[in-house]
Amino acid sequence: MRLWIAGTILAVGIVGGGARADDPVVAPGKKVTLDYTLSVDNKEVETSKGKEPLVFVYGVDTIVPGLEAALNGMHVGEEKVVDVQPKDAYGEVDPKAFKEFPKTSLPKNIEPKVGMALQAQAPDGESFPAVIREIKADTVVLDFNHPLAGKPLKFQIKVLKIENAAAVKTPVK
C-alpha cells in the first residue's frame, strides 16, 4: 500500500510539473511585485495597470488580509480574481466612527454637502479623511470609517516578480 501511495504521489508530481527550486512562490518574507485592479460594486476603483505595480513584503500586514491570504503560494505570471469580504479588508462600518461637530469647526470657505470628503486634523497634527454623512441645523455628522469599510472588494491580480525581501531597502527611522 505504501509503495502504491508513494508511486501515485510521484506520478502526480511529474504530471503536475511540481515546483522547481528556481520557481519562487509568494510566501512570508518575500518581496512581491503585483499588478492589480480593484473593483467595488462592479466599478473600477483603482488599478496599477499603466502605472507602477504594487511592491510589498508578504506577511508584514501592508495589504488587506484577504488579498494577502489569496496570494500565498502563487507563482510569477499567475493571475486570479480574488473576492475579499469586508471583515478581511477594511472591516465593517463602525457606528462609533460617526462623530458630530459644530459647523463652525469646518473650513470657512466650504459649503458642506452630504458625501463631501474632507481632510480632518487631529490635535497632534495628523490628518485623515472624513466624509460628511448628515447635515443638521448647527452641526455636521462626519464618518471616519475607511471609505471602503463595509464593502466587498474584487481584485484582479497578476504576480509579476517574487524576490527575497533582503533586496528591500527599509528606511531608517
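Chains are numbered independently. Their residues run from 1 in the order of the written sequence. This being a predicted model, a pLDDT of at least 70 is required before a residue's local features are given, and a value of 80 or more before pairs of side-chain atoms are given or counted; all residues contribute to the totals for chains, interfaces and linings. Derived side-chain values reflect all non-hydrogen atoms in the structure, with water molecules and hydrogen atoms excluded from consideration.

Draft legend 1. Looking closely at the overall build of the protein chain. Regarding its fold elements, the protein chain presents two helices and nine strands. For the purposes of this entry, the term helix denotes a DSSP run of H or I that reaches at least four residues, the term strand denotes a run of E that reaches at least two, and both are numbered from the N terminus. Overall, the protein chain shows an N-to-C arrangement of helices and strands of α-β-β-β-α-β-β-β-β-β-β. Only protein chains enter the area calculation, which uses a 1.4 Å probe; residues under 20% of their type maximum are buried, those over 50% are exposed, and those in between are partly exposed. Here the protein chain holds 173 residues, and 30% of them are scored as buried. Any two residues having at least one pair of non-hydrogen atoms within 4.5 Å are treated as being in contact. At a minimum sequence separation of 6, the contacts of the protein chain that also span at least 24 residues come to 64%. The method behind every accessible area is Shrake-Rupley, applied with a 1.4 Å probe, and residues are considered shielded solely by the protein chains displayed. Counting every atom, the protein chain has about 11800 Å² of accessible surface; 56% of that belongs to carbon and sulfur.

Draft legend 2. Representation of the sheet that holds strand 5 (residues 98-102) within the structure. At least two DSSP bridges between two strands are required for those strands to pair. Spatially, 5-8-7-6 is the arrangement adopted by the four strands of the open sheet, whose pairing is antiparallel. Every interior strand has two partners, whereas the edge strands, strand 5 and strand 6 (117-121), have only one. For this sheet, the mean angle separating the axes of adjacent strands, direction not counted, is 45 degrees. Two elements, strand 6 and strand 7 (residues 127-135), share five bridges in a ladder whose sense is antiparallel. Residue pairing for strand 7: Gln121 is matched across the bridge by Ser127. Each axis is a line fitted through C-alpha atoms, and for a helix only the stretch in contact is used; angles between axes span 0 to 180 degrees, taken between their N-to-C directions.

Draft legend 3. Region of interest: the side chain of Thr139. Checked against the element boundaries, Thr139 lands in strand 8 (residues 139-143). The exposure class assigned to Thr139 is buried, which follows from its relative accessible area of 18%. Two N or O atoms form a polar contact when they lie within 3.5 Å of each other; inside protein one atom must be a possible hydrogen donor and the other a possible acceptor, and for residues adjacent in sequence the pair counts only when both atoms belong to side chains. Reaching out from Thr139, the side chain makes a polar contact with the side chain of Glu100 at a distance of 2.7 Å.

Draft legend 4. Summary view of the confidence of the model for the protein chain. Confidence of the prediction at every residue is given by pLDDT, a number between 0 and 100. Scored by pLDDT, the protein chain has a mean of 86; 83% of the residues are at 70 or more. Of all secondary-structure elements in the protein chain, the lowest mean pLDDT belongs to helix 1 (residues 2-16), at 38, while strand 4 (residues 79-84) reaches the highest, 98. Here residues 1-19 is modelled with pLDDT under 50, and outside its nearest four sequence neighbours on either side it reaches one contact, counting other chains as well.

Draft legend 5. Inspection of the environment of Pro152 at higher detail. Mapped onto the secondary structure, Pro152 falls in the loop between strand 8 and strand 9 (153-164). In sequence terms Pro152 and Lys87 are 65 residues apart; their C-alpha atoms lie 8.8 Å from each other. Those residues in contact with Pro152, other than ones at most four positions away along the chain, are Ser39, Val40, Val84, Gln85 and Pro86.

Draft legend 6. Seen up close, the environment of Arg133. Examined against the element boundaries, Arg133 turns out to sit in strand 7. A relative accessible area of 41% means that Arg133 is categorised as partly exposed. As for Arg133 and Glu100, which are separated by 33 residues in sequence, their C-alpha atoms are 9.8 Å apart. Among all residues touching Arg133, those that are not within four sequence positions of it are Phe98, Val114, Val141 and Asp143. A polar atom in the side chain of Arg133 sits 3.0 Å from the side chain of Asp143.

Draft legend 7. Local environment of the pattern of salt bridges. Every case where a carboxyl oxygen of Asp or Glu lies within 4 Å of a side-chain nitrogen of Lys or Arg is listed as a salt bridge. All told, the structure shown has six salt bridges when counted by the stated rule. For Asp88, the salt bridge identified is with Lys87, shortest N-O distance 3.2 Å. When its relative accessible area of 30% is taken as the criterion, Asp88 is described as partly exposed. Across the salt bridge formed by Arg133 and Asp143, the nearest N and O atoms sit 3.0 Å from each other. Remark: Asp143 occurs in strand 8 and Arg133 occurs in strand 7; sequence separation between them is ten residues.

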